[in-house]
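Given next are the chains, with one letter for each unit.
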Amino acid sequence: PLKRLKKGRYLLLSHSTNCFMSRDRVPLTFRRKNPGLSLASPSGRFWVEKRSIDLGVYSFDGEQKEACKKKKARASGLSWSQKPGENFSDWAIAVTVKDARGDENPSSKAVPKTYHVHRCQVGAGSRQSQYFKRVFSGIGMSESATNTSEICLEPSAAVAFPAMLDFLYSARGDVTASTETAVALRHLSTYFGIEDMFDSVNTFIRKDLNASTVPIYLSEAFQYCDDNMIRAAAAICAENLAKIDSELLISFPPKIFAAVVTHPSLRCSSEVLSQRVSNFCRSNPDVVEANFLKDVTCNSRMPVIHEKEALSLLELALQKLPEVSPDDEKSLYARCVNAAVVGWKDVLLVPEVASSFFPQNFPSDVKVDILQKALHAAKGEISKLERNVRVHRLDSDASTSSSSDHSDSSAESDDSLF
C-alpha cells in the first residue's frame, strides 16, 4: 500500500518488515511523533525520498577539478609510480640489469632504472619487505647517506620488479604474474623477504604450469638456481617430452635438457627419445660433450634407436666416445649399427641410395661393419622367406592330396550304389 505525504511524495508501507520505503530507498529514522510515521512501524524507522541538492564542486586556490578524479586520487593513496615531487617519496631504488655474462657489476654505461618509494610502505606496510626493513633500520650504512639502494638484477627480475612494488603498495589482492615473470617473482620474494608474495605467486604457478608453459618455467628456474622449481618443472617436462615442441627443446641449455631426459618421471618411447636427442645434438654441436652424450643416450632409457637417427648418433659416438668397444652390445655404437641395419634394403639393393647412405668421411671399417650386418640381416630375411615358401608348398600339396582322396572316395561310394 502507498501512503501519501505532503507535496505529492509517497511511501511504500511494508507490513512484513515494518518499515517504509521510497523508490530511492534512502534510510532515515524519525521519532514516533513525526506526522509521516505509520502505526505499522513500531520501531519508528522508515525510508523517505532522496533529494538532489547541487552544492557546487571542490576548488582550491582557484583550481577546480572533477569530483571523480579527486575521489580516484584519494583512493589510490601512496604510489611509487608518481613523480618524486608528487608522491613525497623518501627513498630511491636504482635497479641495474645484469649483462649477458651475468656480471654483478655492469659497465658504467648501463643507466639504472630508479624507483621512488616510501619507507613506511615498503619497510613497514601491511606487506613489508624484510630486506628493506633491515636496510631502513640500519645505522651507519652507506645507503642511509644517499637514501638510495642500488640493486643489480637478472633481466626477467628487472621486468618483474614493478609488479613487486605494486604488491607492496596494495593492501589486498594477488601479485600480477605471468608465465614469463612468475619464477622471477619467486626469486624477488625470497631475495627481498616478502612471504605473502611468495605464497601468491606459487598459487599462480600451480594453475599455470603445464606441458605448453613448462619449458619457460624450466629455463627460468635454472637461471635463478631454483631447485624446487627445477624439480617440479623437470618432472612435468619429462612426462610430456613427446608432446613438447622440438624448437623449444633445442633451445634448452645442455644442463636443462639432460635433467629432463634423465628424470625418473620420463615417459617417452625409446625411438622418440632418440629422435629428440639427435635433433638437440645436431642443433647444438658445440655443447655436446662425452659425459652429456653418455647421460642422454643411456641404454636403460634408450635401448632402441630410430633407424633414421642411427647414422647421426653413430657419428657422434665415433667423435665423442672413441674409447667404447664396438663389441659391447649395450654401447651407443652397437645400438646405432643395429638400427642402421634395419634399412638393409636401402643399403644393398638400391645403388643410388646406397652411395649416399653414409655421411662423408665415414670410417671404412664402420661401413664394412654395417654392410656385413646388413648382409646377415638380408640372409636371415631370405631364409625366412624360403621357410615360408616351403611351408606354403607343403600346405598346398596337402590340400591337393586331400582333395584327390576325397574325389576317389566319392567315386567308390557312387559305384557301390549301383
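Just above sits the structure.
Trainee: Talk me through the overall build of the protein chain; I want residue IDs and the actual numbers.
Mentor: If you tally the helices and strands in the protein chain, you get 19 helices and ten strands. The 418 residues of the protein chain split such that 36% are buried. Sequence-distant contacts, at least 24 apart, represent 64% of the contacts inside the protein chain between residues at least 6 apart. Accessible area for the protein chain stands at about 26,100 Å²; split by element, carbon and sulfur atoms hold 52% of it.

Trainee: Which residues make up the environment of Ala211, and what are the values?
Mentor: Inspection of the secondary structure assignment puts Ala211 in the loop between helix 8 (195-208) and helix 9 (214-223). Take Ala211: its relative accessible area is 26%, and that puts it in the partly exposed class. Measuring from C-alpha to C-alpha, the distance between Ala211 and Ala238 comes to 9.5 Å, with 27 residues separating the pair along the chain. Every residue in contact with Ala211, bar those within four places of it in the chain, is listed here: Ile236, Asn240 and Ile244.

Trainee: Help me get a handle on the packing of aromatic side chains, residues and values and all.
Mentor: Inspection of the entire model under this criterion finds 13 aromatic pairs. Ring plane angle 5 degrees and centroid distance 4.2 Å describe the contact between Phe257 and Phe280, whose orientation is recorded as stacked. Pair noted here: Phe257 is in helix 12 (residues 254-261) and Phe280 is in helix 13 (residues 270-283), with a separation of 23 residues, a long-range link. With respect to class, Phe257 is no different from Phe280; both count as buried. Members of the aromatic cluster, connected to one another through ring pairs, are Trp80, Trp91, Tyr115, Tyr131, Phe132, Phe136, Phe161, Tyr191 and Phe192. The ring of Tyr115 carries Lys113 above its face, with NZ or CZ at 5.8 Å from the centroid. Geometry around Phe167 places Arg127 over its ring, the cationic atom sitting 3.9 Å from the centre.

Trainee: Explain the pattern of salt bridges residue by residue, including any values.
Mentor: Overall, the coordinates contain four salt bridges when judged by the stated rule. With a shortest N-O distance of 2.9 Å, Arg186 and Asp226 are connected by a salt bridge. Here Asp226 lies in the loop between helix 9 and helix 10 (227-239) and Arg186 lies in helix 7 (residues 182-192), a separation of 40 residues in the sequence. A salt bridge links Glu309 to Arg282; the shortest N-O distance between them is 3.0 Å. Placement of Glu309 in the loop between helix 14 (290-296) and helix 15 (310-320) and of Arg282 in helix 13 is noted, with a sequence separation of 27 residues between them. Classification of Glu309 by relative accessible area gives buried; the value is 11%.

Quick notes on the rules
Going along each chain's sequence as written, the residues are numbered from 1 onward. Per-residue local features of the predicted model are confined to residues with pLDDT of at least 70, and side-chain atom pairs are confined, for both listing and counting, to 80 or more; whole-chain, interface and lining totals are unaffected and use all residues. Hydrogens are left out, water is left out, and the side-chain values use all remaining heavy atoms of the structure. Put simply, DSSP H or I for four residues or longer makes a helix, DSSP E for two residues or longer makes a strand, and each gets a number counted from the N terminus. Relative accessibility under 20% of the residue-type maximum defines a buried residue, over 50% an exposed one, and the middle range a partly exposed one, all with a 1.4 Å probe and only protein chains included. Contact criterion: two residues are considered in contact whenever any of their non-hydrogen atoms come within 4.5 Å of each other. All accessibility values rest on the Shrake-Rupley procedure with a 1.4 Å probe; residue burial counts only the protein chains present in the view. When two rings of Phe, Tyr or Trp (its six-membered ring) have centres within 6.5 Å they constitute a pair, described as stacked for plane angles under 30 degrees, edge-to-face for angles over 60, and tilted for the intermediate range. Think of it as a cone above the ring: NZ of Lys or CZ of Arg counts as a charge over the ring if it is within 6 Å of the ring centre and within 35 degrees of the ring normal. For this document, the term salt bridge refers to a Lys or Arg side-chain nitrogen within 4 Å of an Asp or Glu carboxyl oxygen.

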